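Close look at the chain arrangement
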Amino acid sequence: MVPGGPRQLRQRRRHPDLPGRDGPALVLGQELGSYSLKLDWRVTGDSNSGVFVGFPASGDPQSAVDNGYEVQIDATDTPDRTTGSIYGFKAADQAARDAALNPPGSWNTYELLVEGERLRVYLNGALINDFTNTDSRRSLRQGHVGIQNHGASDQVAFRNIRIRELGGGSITVEGESYTSGSGVQIADHAPASGGKTLGYVDNGDWAGYANVTTAGATRFSARVSSGGVGGTIQIRSGSATGTLLGSVQVPVTGGWENFQTVSTALTGTATGPLFLVFTGGSGNLFDLDTITLDGGTAPQTSDKVHVFYYPWYGSPQVSGGWRHWQQGGHSPPGDIGADFYPALGAYDSGDFAGAVAQHMKWIRQSAAGVLVLSWWGRGSYEDGLARGVLDAAAKEGLKVAWHLEPYSGRTAASTVDDIRYINQTYGAHPAFSDAFYVFESLRITDWSALSQVNQDNVILAQTTDTSKIAHFNGMYTYDAIAGATAPGWQQAADHARQHGLVWAPSVGPGYLDDRAVPGNTTPTLARDNGATYDKEWSNALATGPTWVSITSFNEWHEGSVIEPAVPRDGYQSFEGAYGRTGAAAQTAYLDRTAYWVGRFAAPSERA
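Cut-offs and rules
- Residues numbered from 1 in each chain as written.
- Predicted model: local features only at pLDDT ≥ 70, side-chain atom pairs only at ≥ 80, totals over all residues.
- Heavy atoms only, no water.
- Core = buried A, V, L, I, M, F, W, Y, C linked by side-chain atoms within 4.5 Å.
- Buried < 20%, exposed > 50% of the residue type's maximum accessible area, 1.4 Å probe, protein only.
- Helix = DSSP H or I, 4+ residues; strand = E, 2+ residues; numbered from the N terminus.
- Contact = heavy atoms within 4.5 Å.
- Pairing = 2+ DSSP bridges.
- Axes fitted to C-alpha atoms, helices over the stretch in contact; angles between N-to-C directions.
- Expected span 1.5 Å × (residues − 1).
- Bend = angle between axes of the 7 residues up to and from the residue.
- Phe/Tyr/Trp six-rings, centres within 6.5 Å; stacked < 30°, edge-to-face > 60°.
- Lys NZ or Arg CZ within 6 Å of the ring centre and 35° of its normal.
- 1 Å grid on protein atoms, 1.4 Å probe; cavity = no way out; pocket = protein on both sides within 12 Å on 5 of 7 lines; lining within 4 Å.
- Points joined across faces, edges and corners; volume = space filled by probe spheres on them.
- Nonpolar A, V, L, I, M, F, W, Y, C, P; charged D, E, K, R; others polar.
- Salt bridge = Lys/Arg side-chain N within 4 Å of Asp/Glu carboxyl O.

In this section: the nonpolar core. Counting 97 residues, the largest nonpolar core has Met360, Ile363, Leu371, Trp402, Trp537 and Trp556 as the members making the most contacts within it. Counting residues per element, this core draws most heavily on helix H10 (residues 588–601), at eight residues. Leaving out residues up to four positions away in the same chain, Leu371 has contacts with Val307, Tyr309, Met360, Ile363, Val389, Ala393, Leu398, Lys399, Val400 and Ala401. Core analysis: the next-biggest nonpolar cluster, separate from the first, contains 29 residues, Val184, Val201, Val212 and Ile291 among them.

Time to look at unusual backbone geometry. Pro333 follows Pro332 through a cis peptide bond whose omega is 15°. Looking at where Pro333 falls in the secondary structure, it is placed in the loop between helix H3 (316–319) and strand S23 (341–342). Geometrically, the link from Thr551 to Ser552 is a cis peptide bond, its omega value of 5° lying close to zero. You can see Ser552 is positioned in the loop between strand S31 (548–550) and strand S32 (565–566).

Moving on: the sheet that holds strand S12 (residues 180–182). The sheet built from five strands is open, its strands ordered S12-S15-S20-S17-S18 with antiparallel pairing. Of all the strands in the sheet, just S12 and strand S18 (243–250) have a single pairing partner and so form its edges. The sheet shows a mean angle of 20° between the axes of neighbouring strands, taken without regard to direction. The pairing of strand S17 (residues 231–237) with strand S20 (residues 273–279) spans six bridges and is antiparallel. By the bridge assignment, Arg236 is partnered in S20 with Phe275.

Between the first and last C-alpha of helix H5 (residues 381–395) there are 22 Å, a value that for 15 residues agrees with the 21 Å anticipated at 1.5 Å per step. Approximately 35° is the largest bend angle found in H5, and it occurs at Arg387. Buried residues dominate H5, accounting for 11 of its 15 residues. Turning to H5, its buried residues number three or more, namely Tyr381, Glu382, Asp383, Leu385, Ala386, Gly388, Val389, Leu390, Ala392, Ala393 and Ala394. Just beyond H5, the residue with positive phi is Gly397, at close to 75°.

The next thing to look at is the packing of aromatic side chains. The final tally for this structure, using the stated rule, is 33 aromatic pairs. Arranged with centres 5.7 Å apart and planes meeting at 70°, the rings of Tyr578 and Tyr589 form a pair that is edge-to-face. In this pair, Tyr578 sits in the loop between S32 and helix H9 (583–586) while Tyr589 sits in helix H10, placing the two residues 11 residues apart along the sequence. Classification of Tyr578 as buried rests on a relative accessible area of 6%. Connected via pairs of aromatic rings, a cluster forms that spans Phe340, Tyr533, Trp537, Phe574, Tyr578, Tyr589, Tyr595 and Trp596. In this arrangement the basic side chain of Arg527 is found over the ring face of Tyr589, its NZ or CZ atom lying 4.7 Å from the centre.

Tallied over the entire structure, the rule returns two cavities of 30 Å³ or more. In this structure, the largest cavity spans a volume of roughly 40 Å³. As for the largest cavity, its lining consists of Glu174, Gly194, Tyr578, Arg580, Ala588, Asp591 and Arg592. With three residues, the single largest contributor to the lining of the largest cavity is H10. Looking at the lining of the largest cavity residue by residue, the classes come out as two nonpolar, one polar and four charged.

Here the focus is the pattern of salt bridges. Applying the stated criterion to the full structure yields 14 salt bridges. The salt bridge partner of Asp494 is Arg497, with a shortest N-O separation of 2.6 Å. One end of the pair is Asp494 and the other is Arg497, both in helix H7 (residues 489–499) and three residues apart, which spans about a single turn. On the basis of relative accessibility, which here comes to 46%, the residue Arg497 falls in the partly exposed class. Among the charged side chains, a salt-bridge network with shared partners connects Asp40, Arg159 and Arg162.

As structure tokens, this is what we get:
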């Protein structure tokens, strides 16, 4: 969500025949904190509708009624159930409301101002309700917003729905993660974050960052070096000639390897993507390592980047026993079946308020927009946790796709039934994605049954052998080792383009399963402080993929994780990855993923 920028509601699902007090037919796909929601509404006669706020993600439309608050639109009822009321909780100031209200058939404007647990309702500019939540079962601090579909007989129209988030945090990205530019190039610098900078900067050059918004940004900072003449950075929005938000001088720092930070307040207001324009004298001006926007928002996630996610871990505190962490004969929590140790410890995949919520924040930090949930059949442990993962993903504006694993007895027919079951069970959820990855698809030779479901879903085979993908909608690779050499990738990519199929090659930071599989002699792949991950991303993007899939967020047994890991005796760590140490190293692969998502976002724009 973009602080300071308007957003549109999307239609989730129409319910024309739902009786009584239904939930919303239009829902914003991401939860909000503090925000202003403005909309115009018009009713005929005594029609009934409203605006829901503060309700959690759920496939049940009644959840908005039971867990959120409704700002009512209804001319006749008890005072706490008429226009401007917080339905069933607090009546509007009736004198102020009646003075501001336009007659039936005319347009009215609501502004709902939500800050913390406080909700203020403005009607045509007049404050008519000031409500503070005190119900411990509900919260306005974070939740969805939606428009009510009360019933077929109620004639209500809405228009000009816009949302502005209030406040914001900060976001830091690599200078070299630009998605468009003129004159600039990526330069190697060992002391820089990630070992690289945006370099070769001359007067008049510029760089654009399609996945970084200027909406709500109040301050700009940059880590720079100059062994040249120094110069100026202009901070602009939308294009290299767009709105000027501010500028900052870059001094000569005493050498190209000597970095210091420059910053400036931003006084302009705009909502477009970030552009930096560089001015100065002749010759090379300076290099740009990292850039930070305060008051802005995180890089926009991409629904073209999917990360494999494993909800199969358990602990005695949550699930009554250890699950998976003990693989290889280990004794958790200190001794686990993995060569890296998670920053969250040996967590439980059912800890939705703790570990899973943090996972979703980290995935959003990586700018991947879709997580692919490992699913082992109806009634499995992972199936039982799926809805909780969907809820947590929705809070961060993420989608959940499905990794159909080779459970015992899986057939083509049972896979069709699985896809139907998942659609029926979870399809109405705001975080649901209809992408299905079929792991080890080559175990089955005849997939003709997929013709029953491949028109309404995107079903991918795990292979680059184009003779083995009949009835599938595309291909992926999964193998975190193969990405380093990309065998058969270009041929698979070309075939996918020629036949209108999805090509989703898989990239990973490395592979190491020695502790999980003692005595294992299968190949491993070292991370090389991030060089392996960069190589695999480069290989993937060179093929012109439809999507890129990442192996993995948290397959700890195979050591392919980008989830933060911490140093611990007996385990490897991320120390040194992209030149980072300490706490910064723990999130190195998340941040590097965001860099590559930016490179993938608009490759055709790169000069």
